[in-house]
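Reading the structure
Chain by chain, the residues run as shown.
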Amino acid sequence: QGNYLMKELKATRVPPGDRWSIINGEDDKIYSSLTEVLNQIFMETQMTEFYIDAQKGEVHIEDGKEKPQPIKKYSLYGEEY
(Lines give C-alpha, C1' and ligand atoms only; values in the text may rest on other atoms or scores of the structure.)
Protein backbone atom coordinates (compact mmCIF):
# COMPACT_ATOMS: atom_id res chain seq x y z
CA GLN A 1 0.00 0.00 0.00
CA GLY A 2 1.31 3.40 -0.96
CA ASN A 3 0.59 6.77 0.53
CA TYR A 4 -2.73 8.19 -0.52
CA LEU A 5 -2.98 11.95 -0.24
CA MET A 6 -6.15 13.95 0.09
CA LYS A 7 -7.14 16.16 -2.82
CA GLU A 8 -8.03 19.81 -2.27
CA LEU A 9 -10.39 21.69 -4.58
CA LYS A 10 -8.50 24.71 -5.93
CA ALA A 11 -10.56 26.05 -8.85
CA THR A 12 -13.95 25.73 -10.49
CA ARG A 13 -15.18 26.51 -13.99
CA VAL A 14 -17.33 29.61 -14.38
CA PRO A 15 -19.76 29.18 -17.30
CA PRO A 16 -19.92 30.02 -20.11
CA GLY A 17 -16.83 28.63 -21.79
CA ASP A 18 -13.30 28.12 -20.48
CA ARG A 19 -13.35 30.53 -17.54
CA TRP A 20 -12.11 29.60 -14.08
CA SER A 21 -12.17 30.95 -10.54
CA ILE A 22 -9.76 30.00 -7.74
CA ILE A 23 -11.38 28.78 -4.51
CA ASN A 24 -10.38 30.99 -1.56
CA GLY A 25 -8.07 32.91 -3.84
CA GLU A 26 -6.48 36.25 -3.10
CA ASP A 27 -9.05 37.99 -5.27
CA ASP A 28 -12.27 37.27 -7.14
CA LYS A 29 -10.52 37.25 -10.52
CA ILE A 30 -11.96 35.12 -13.31
CA TYR A 31 -9.23 33.53 -15.41
CA SER A 32 -9.88 33.29 -19.14
CA SER A 33 -8.45 29.79 -19.64
CA LEU A 34 -7.56 26.59 -17.84
CA THR A 35 -3.88 27.28 -18.56
CA GLU A 36 -4.07 30.65 -16.82
CA VAL A 37 -5.71 29.24 -13.70
CA LEU A 38 -3.22 26.34 -13.53
CA ASN A 39 -0.37 28.84 -13.71
CA GLN A 40 -1.93 30.91 -10.91
CA ILE A 41 -2.36 27.82 -8.71
CA PHE A 42 1.31 27.01 -9.35
CA MET A 43 2.35 30.56 -8.42
CA GLU A 44 0.46 30.28 -5.12
CA THR A 45 1.32 26.69 -4.16
CA GLN A 46 4.35 25.61 -6.24
CA MET A 47 2.37 22.43 -7.04
CA THR A 48 2.82 21.05 -10.56
CA GLU A 49 0.42 18.10 -10.53
CA PHE A 50 -3.24 18.84 -11.09
CA TYR A 51 -6.31 16.62 -11.11
CA ILE A 52 -8.96 17.92 -13.48
CA ASP A 53 -12.54 16.73 -13.68
CA ALA A 54 -13.71 18.32 -16.92
CA GLN A 55 -17.34 17.28 -16.49
CA LYS A 56 -17.60 18.75 -12.98
CA GLY A 57 -15.44 21.73 -13.92
CA GLU A 58 -13.04 21.25 -11.01
CA VAL A 59 -9.28 21.43 -10.52
CA HIS A 60 -7.77 19.68 -7.50
CA ILE A 61 -4.25 19.38 -6.08
CA GLU A 62 -2.93 17.00 -3.45
CA ASP A 63 -2.90 18.86 -0.14
CA GLY A 64 -0.03 16.87 1.39
CA LYS A 65 -2.25 15.26 4.03
CA GLU A 66 -2.59 11.50 4.00
CA LYS A 67 -6.04 10.10 3.48
CA PRO A 68 -7.08 8.14 6.57
CA GLN A 69 -6.98 4.42 5.91
CA PRO A 70 -10.25 2.60 6.60
CA ILE A 71 -10.15 0.44 9.71
CA LYS A 72 -11.06 -3.16 8.98
CA LYS A 73 -13.75 -4.53 11.25
CA TYR A 74 -14.19 -8.17 12.12
CA SER A 75 -17.05 -10.11 13.62
CA LEU A 76 -16.71 -12.25 16.71
CA TYR A 77 -15.87 -15.12 14.34
CA GLY A 78 -13.00 -13.26 12.62
CA GLU A 79 -14.95 -12.54 9.45
CA GLU A 80 -14.37 -9.18 7.87
CA TYR A 81 -17.45 -6.99 7.46
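Refer to the structure printed above.
In this text the structure is predicted, and so the values were computed from the model without any measurement. Residue indices begin from 1 for each chain and proceed along its sequence in written order. Confidence filtering applies because this is a predicted model: local features only for residues at pLDDT of at least 70, side-chain atom pairs given and counted only at 80 or more, and all residues used for totals across whole chains, interfaces and linings. Excluded from the side-chain calculation are hydrogens and water; included are all heavy atoms of the structure.

**Focus: the overall build of the protein**
Each helix and strand counted, the protein has one helix and five strands in total. Put simply, DSSP H or I for four residues or longer makes a helix, DSSP E for two residues or longer makes a strand, and each gets a number counted from the N terminus. Counted from the first residue to the last, the protein has its helices and strands arranged as β-β-β-α-β-β. Relative accessibility decides the category of a residue: with a 1.4 Å probe and only protein chains considered, values under 20% of the type maximum give buried, values over 50% give exposed, and everything between is partly exposed. Per-residue burial over the protein gives 19% buried out of 81 residues. Working rule for contacts: check all heavy atoms of both residues, and any pair within 4.5 Å makes them a contact. Partitioning the contacts of the protein with sequence separation of at least 6, the portion at a separation of at least 24 is 39%.

**Considerations on the environment of Phe42**
Summarising the element assignment, Phe42 is placed in helix α1 (residues 34–45). Between the C-alpha atoms of Phe42 and Ile61, which are 19 residues apart in sequence, the distance is 10.0 Å.

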